[in-house]
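Remarks on the overall topology
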Amino acid sequence: MSIELISKQKSFGGWHMQYSHASQSLNCQMRFAVYLPPQAAAGKPVPVIYWLSGLTCTDENFMQKAGAHRVAAELGVAIVAPDTSPRGDDVADDPDGAYDLGKGAGFYVNATQAPWDKHYRMYDYVVSELPALIEEHFPVSEQRAITGHSMGGHGALTIALRHPERFVSVSAFSPISNPINCPWGQKAFTAYLGEDKALWKDHDASELLREATEFLPMLVDQGEADDFLDAQLKPEALERGARASGYPLHLRRHEGYDHSYYFIASFIEDHLRFHGKHLLP
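Okay, so let's go over this structure. (Residues numbered from 1 in each chain as written. Predicted model: local features only at pLDDT ≥ 70, side-chain atom pairs only at ≥ 80, totals over all residues. Heavy atoms only, no water.)

Our focus in this paragraph is the pattern of salt bridges. Overall, the coordinates contain 14 salt bridges when judged by the stated rule. Residue arginine 273 is joined to glutamate 269 by a salt bridge in which the shortest nitrogen-to-oxygen separation is 2.9 Å. Taken together, the positions of arginine 273 and glutamate 269, both in helix H10 (residues 261-279) and four residues apart, correspond to about one turn of that helix. Taking relative accessible area as the criterion, arginine 273 reaches 29% and is therefore assigned partly exposed. Owing to a relative accessible area of 29%, glutamate 269 belongs among the partly exposed residues under this scheme. What emerges from the salt-bridge pattern is a single network uniting Arg70, Glu74, Glu269 and Arg273. (Salt bridge = Lys/Arg side-chain N within 4 Å of Asp/Glu carboxyl O. Helix = DSSP H or I, 4+ residues; strand = E, 2+ residues; numbered from the N terminus. Buried < 20%, exposed > 50% of the residue type's maximum accessible area, 1.4 Å probe, protein only.)

It is worth spelling out helix H3 (residues 122-137) at this point. Along H3, the sharpest change in direction is near 35° and occurs at glutamate 129; proline proline 131 comes one to four residues later. Each element contacted by the buried residues of H3 is listed here: strand E2 (14-23), strand E3 (28-36), strand E4 (46-52), strand E5 (78-82), strand E6 (140-148) and helix H4 (151-162). (Bend = angle between axes of the 7 residues up to and from the residue. Contact = heavy atoms within 4.5 Å.)

This part is about the nonpolar core. Looking at soluble globular proteins, one finds that nonpolar side chains tend to be buried together. Counting residues in hydrophobic clusters, the biggest one holds 69 residues, and the most contacted among them are Phe32, Phe107, Phe138, Ile146, Ile159, Tyr192 and Met218. Ranked by residues supplied to this core, first place goes to H3 with eight residues. Those residues in contact with phenylalanine 107, other than ones at most four positions away along the chain, are Leu55, Asp100, Met151, His154, Ile176, Trp184, Gly185, Ala188, Phe189 and Tyr192. Judged by nonpolar contacts, the second largest core, of 24 residues, contains Ile49, Ala66, Ala73 and Ile79. (Core = buried A, V, L, I, M, F, W, Y, C linked by side-chain atoms within 4.5 Å.)

Before going further, it helps to examine the pairing of E4. For E4, a buried count of seven out of seven residues is recorded, marking the element as mostly surrounded by other parts of the structure. Across six bridges, E4 lies against E6 in parallel orientation. Considered in E6, the bridge of valine 46 is made with valine 140. Both E4 and E5 contribute to a ladder of three bridges, which runs parallel. (Pairing = 2+ DSSP bridges.)

Our focus in this paragraph is the packing of aromatic side chains. A full pass over the atoms with the stated rule returns 17 aromatic pairs. Taken together, a centroid distance of 5.1 Å and an interplanar angle of 70° make the contact between tyrosine 257 and phenylalanine 267 edge-to-face. You can see tyrosine 257 sitting in the loop between strand E9 (249-254) and H10 and its partner phenylalanine 267 sitting in helix H10, a full ten residues away along the chain. Given a relative accessible area of 29%, tyrosine 257 falls into the partly exposed group. We classify phenylalanine 267 as buried; its relative accessible area is 13%. Pairing phenylalanine 263 with phenylalanine 267 gives two aromatic rings, centres 5.6 Å apart and planes at 70°, and the pair type is edge-to-face. Separated by four residues within a single helix, phenylalanine 263 and phenylalanine 267 lie in helix H10, roughly one turn from each other. For the pair shown, phenylalanine 263 and phenylalanine 267 are each scored as buried. (Phe/Tyr/Trp six-rings, centres within 6.5 Å; stacked < 30°, edge-to-face > 60°.)

Shown next, in the form of structure tokens:
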């Protein structure tokens, strides 16, 4: 699996790099960003935190806005941020140009419905293809954590809940917690997965929490001034699911914070140190 360097910048003694590659899962050219801390230059494999971004984002938003490099460099952890969907002229997109379906809105599922099923397999990409690529080309270990924001928070939670053997910890900012019962999730799941709502539960963090038998450390932060809080995010559904199974969910609510990267930047250090406790000896 070959990769092509697009850009490279030094940051806090480490390197932020952007790459492209031909994705087998997504059947298109994809882009991802990676931050390697200075410890990686010494040849010692470092653990990886995977960041999944939200609707309309690319691999660039988190790396440029979150302010994560300083703490990642201190801890000695790499960060990998993929794009949020397949891209390209032949990739299906919402015919009305809506932001919540199609390009920029992959929802981290494997689409089964035409025309989406040709390219929209972000679940396989994040679970299998991207980690294999990262571990082949960079000085990283197989110790992984996963986190994300909004649609990416949904992706991080559902992927970790379905694959607890692949991650040591999981966190999320403002996740779409109960997509089977919110407009964003219902629109995307109908298009990508079809009308059988029983299949949707495999990609709903609240439902997965309810049935969980293997537990990972889980941190979720939610802003109380988030415009999407009641209609789209529904963190209370996460709490109900966790209570049902006894899952050790730590959900924090923050007065005055909204859905933006100002919120993420305010608490990203907490999340990195949370993962660091579980990734590092």
